[in-house]
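# Understanding the architecture of this molecule
Letter by letter, the chains look like this.
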Amino acid sequence: MATLVPPPATTPEASKPTVIEPEKVDYLNLPCPIPYEEIHREALISLKPELFEGMRFDFTKGLSPKFSLSHSVFMGPTEIPSQSSETIKIPTAHYEFGANFIDPKLMLFGRVLTDGRVNARLKCDLSENLTLKANAQLTNEPHMSHGMVNFDYKGKDYRTQFQLGNGALFGASYIQSVTPHLSLGGEVFWAGQHRKSGIGYAARYNTDKMVATGQVASTGMVALGYVQKVSEKVTLASDFMYNYMSGDVTASFGYDYILRQCRLRGKIDSNGCTSAFLEERLSMGLNFILSAEIDHRKKDYKFGFGLTVGE
Amino acid sequence: MASRVTLKAKGKTTKGSKPSEERSTEKYLKEWSTWVMKKAKVVTHYGFIPLVIIIGMNSEPKPSLSQLLSPRLGSLILISQGTRDSSLLESQLTRMVVKSFE
């Protein structure tokens, strides 16, 4: 659900900034900002649904309110990266078994595929403000596994995060609420294996109805996003990404309709790509998914359908 | 490995003032940490999902072993009895899904 940050508990600013504000902003009592990596959250939720091609069937079985197992079957073509402009697809099928344990203090998420790949996530609250998160993708092939550990500290109106990854990857980020609507943040990272380092800055301005975000990084990425909640059921989002090192520009515009029985997300891109994703609730616990993507430039057409059973 | 070579080169620039034991301690530490990471990777790869299952089976309320292995979904049985006046396609689909789990 595309939920925006709830309105701050402090007194809101007046709508006309040029007029003397009758209510003062309490700068010592600002709300806690959202985490740095989720700064584009609303735009990502609306513009990048999980598009897929082929047939997908997910079955989630809850054994207790905290523990559930999931079985997922997927059959469809997978794209393999090719040097030529043609897309090469090979048909694949796999079964994925997963186990989730969700507790207010500890969350464990594990998925294992038929080819032996394991996807594991852990989130643990070490104390009220300090959280440990770990994430690993493990394969049987040597040197293809990745792991990352994050330590998050949540302060009164700021958040900091420290990241450690395999391949000597270090990262740190900090985000601070500057006014009840605006938060600014920065991050640095250092990748030892690829001998790369970078620094980035981000800003996020949100009100009840809209969210505007901007992010710049020394790797050459500039990302701007704007999401407007037009009504309870309709959200419009737009996104602009520019890489000043390589000169790639992508602009996309999308909509997100959250209706009573279904959720429809569609978007159109400046790369000549349009996509749509529909999730329809057929009855309690049964969802029908349709996904379609047309890439006019590469003449690549993807269609997927599926069923999700369970919460 | 490239990082090991740079570490050794750094040690050598101090004009051999570092005694040889320190260099071997560094090498020993690196080898030991690589060994630990390799074992941790194997343990996580094979043991993470069983660990989640064990933690889940021991949490309150304790689910039984039969619930873990049986394909029946308790809450979804109600669907077969309570199909509202939905369209034909919907009721056919739900009946098909529920039948496959009996």
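Residues numbered from 1 in each chain as written. Chains lettered and ligands numbered in written order. Predicted model: local features only at pLDDT ≥ 70, side-chain atom pairs only at ≥ 80, totals over all residues. Heavy atoms only, no water.

## Let's talk about the overall build of chain A
The condition that has to hold: Helix numbering and strand numbering both begin at the N terminus, where a helix is a DSSP run of H or I of at least 4 residues and a strand a DSSP run of E of at least 2. A radius of gyration in this sense is built from C-alpha atoms; the matching globule rule multiplies 2.2 Å by the number of residues raised to 0.38. We call two residues contacting when some pair of their heavy atoms lies within 4.5 Å.
Looking only at helices and strands, chain A has one helix and 19 strands in total. In terms of overall size, chain A behaves like a compact globule, its C-alpha atoms giving a radius of gyration of 21 Å where 311 residues would be expected to give roughly 19 Å. For the C-alpha atoms alone, the extent of chain A along its principal axes is close to 65 × 50 × 40 Å. Residue pairs at least 24 apart in sequence account for 31% of intrachain contacts in chain A once pairs closer than 6 positions are excluded.

## What to know about a nonpolar patch on the surface
All names here are of chain A. As a reminder, the rule being used: To count toward a patch, a residue needs a relative accessible area over 30% and no salt bridge; like charges are then connected within 9 Å, while nonpolar side chains (Val, Leu, Ile, Met, Phe, Trp, Tyr) are connected within 5 Å. In short, Shrake-Rupley with a 1.4 Å probe defines the accessible areas, and a residue's cover is counted only from the protein chains shown. Basic side-chain nitrogens of Lys or Arg form a salt bridge, by our definition, when they fall within 4 Å of a carboxyl oxygen of Asp or Glu. For every residue, the accessible area (1.4 Å probe, protein chains only) is compared with the maximum for its type, and the residue is labelled buried under 20%, exposed over 50%, or partly exposed between those bounds.
A contiguous nonpolar patch, built from Val216, Leu224, Phe240, Tyr242, Tyr244, Met245 and Val249 and spanning about 630 Å² of accessible area, is present on the exposed surface. Secondary-structure assignment places valine 249 in strand β15 (residues 248-258). Residue valine 249 is classed as partly exposed on the basis of its relative accessible area of 42%.

## Looking at the packing of aromatic side chains
Residues and elements named next belong to chain A. The line we're drawing: Pairing of aromatic rings covers Phe, Tyr and Trp, the last through its six-membered ring, and needs centres within 6.5 Å; plane angles under 30 degrees mean stacked, over 60 mean edge-to-face, and all others mean tilted.
Counted under the stated rule, the structure contains four aromatic pairs over all chains. Centre to centre, the rings of tyrosine 255 and tyrosine 257 are 4.9 Å apart; their planes meet at 40°, and the pair counts as tilted. Taken together through their ring pairs, the aromatic side chains of Tyr153, Tyr158 and Tyr174 make up a single cluster.

## Comments concerning the interface of chain A and chain B
Selection criterion: Defined in terms of a 1.4 Å probe, buried area is the accessible area two parts forfeit on being brought together, summed over both. Here a polar contact is recorded for every N or O atom pair within 3.5 Å, except that within protein the pair must consist of a potential hydrogen donor and a potential acceptor, and residues adjacent in sequence are included only if both atoms are side-chain atoms. Polarity classes work like this: nonpolar for Ala, Val, Leu, Ile, Met, Phe, Trp, Tyr, Cys and Pro, charged for Asp, Glu, Lys and Arg, and polar for all others, with Gly in that last group.
Taken together, the 33 residues of chain A in the interface contact 29 residues of chain B. When chain A packs against chain B, close to 2,600 Å² is buried across both sides, 75% of that on carbon and sulfur atoms. Summed over the shared surface of chain A and chain B, the number is zero salt bridges. Where chain A touches chain B, the interface holds three residue pairs in polar contact (both at pLDDT 80 or more). At the level of secondary structure, the elements contributing two or more residues to the side of chain A that touches chain B comprise β1 (54-62), β2 (67-80), β3 (88-102), β4 (106-113), β5 (118-125), β17 (273-283) and β19 (300-309) of chain A. Ranked by residue count, the leading element in the side of chain A that touches chain B is β4(A), at five residues. The class makeup of the residues in the side of chain A that touches chain B is 20 nonpolar, nine polar and four charged.

## Thoughts on the pattern of salt bridges
All names here are of chain A. As enumerated under the stated definition, the model contains 14 salt bridges over all chains in all. Between glutamate 42 and arginine 41 there is a salt bridge; the shortest N-O distance is 3.7 Å. Relative accessible area serves as the criterion here: at 1%, glutamate 42 is assigned to the buried category. Lysine 66 serves as the salt-bridge partner of aspartate 103, at 3.0 Å between the closest nitrogen and oxygen. One end of the pair, aspartate 103, is in the loop between β3 and β4; the other, lysine 66, is in the loop between β1 and β2, and 37 residues separate them in sequence. With relative accessibility at 23%, the residue aspartate 103 sits in the partly exposed group.

## A word on the nonpolar core
Using the following cut-off: Residues grouped as a nonpolar core are buried Ala, Val, Leu, Ile, Met, Phe, Trp, Tyr and Cys residues, joined through side-chain atoms within 4.5 Å.
Counting 14 residues, the largest nonpolar core has A:Phe67, A:Leu69, B:Val52, B:Ile53 and B:Leu68 as its most contacted members. Those elements giving two or more residues to this core turn out to be β2 and β3 of chain A together with α2 (20-57) of chain B. If you tally residues by element for this core, the top one is α2(B), at five residues.

## Brief notes about the pairing of strand β9 (residues 169-177) of chain A
Residue and element names in this part refer to chain A. For the record, the criterion: A pair of strands is treated as paired once DSSP finds two or more bridges between them.
Pairing geometry for strand β8 (residues 158-165) and β9, over eight bridges, is antiparallel. Bridged to glycine 165 within β9 is leucine 169. In textbook terms, the turn of a hairpin is the stretch between consecutive antiparallel strands, and for β8 and β9 this stretch comprises three residues, one of which, glycine 167, has a positive phi near 80°. Both β9 and strand β10 (residues 182-191) contribute to a ladder of nine bridges, which runs antiparallel. Counted as the bridge partner of tyrosine 174 is glycine 186 from β10. Between β9 and β10, which pair antiparallel one after the other, the connecting turn spans four residues.

## Notes on the environment of A:Thr274
All names here are of chain A. By the secondary structure assignment, threonine 274 is in strand β17. Residue classification places threonine 274 among the partly exposed positions, given a relative accessible area of 24%. Counting along the chain gives 19 residues from threonine 274 to glutamate 293, while the straight-line C-alpha distance between them is 5.8 Å. When neighbours within four sequence positions are excluded, threonine 274 is seen to be in contact with Lys267, Ile268, Ala292, Glu293 and Ile294.

## Quick look at the confidence of the model for chain A
Segments scoring low in pLDDT should not have their predicted coordinates read at a detailed level. The condition that has to hold: Residue-level confidence of the predictor is summarised by pLDDT, bounded by 0 at the bottom and 100 at the top.
Per-residue confidence for chain A gives a mean pLDDT of 88, with 92% of residues at or over 70. Confidence drops under pLDDT 50 across residues 7-17 of chain A; counting only partners more than four residues distant or on other chains, this segment forms 17 contacts.

## So, the environment of B:Pro50
Examined against the element boundaries, B:Pro50 turns out to sit in helix α2. Distance from B:Pro50 to B:Thr25, taken between C-alpha atoms, is 37 Å for residues 25 residues apart in sequence.

## Side note on the side chain of A:Arg204
All names here are of chain A. Tracing the backbone shows arginine 204 in strand β11 (residues 196-206). Since its relative accessible area comes to 1%, arginine 204 is described here as buried. Looking at arginine 204, its side chain comes within polar contact range of the main-chain oxygen of isoleucine 39, at 3.1 Å.

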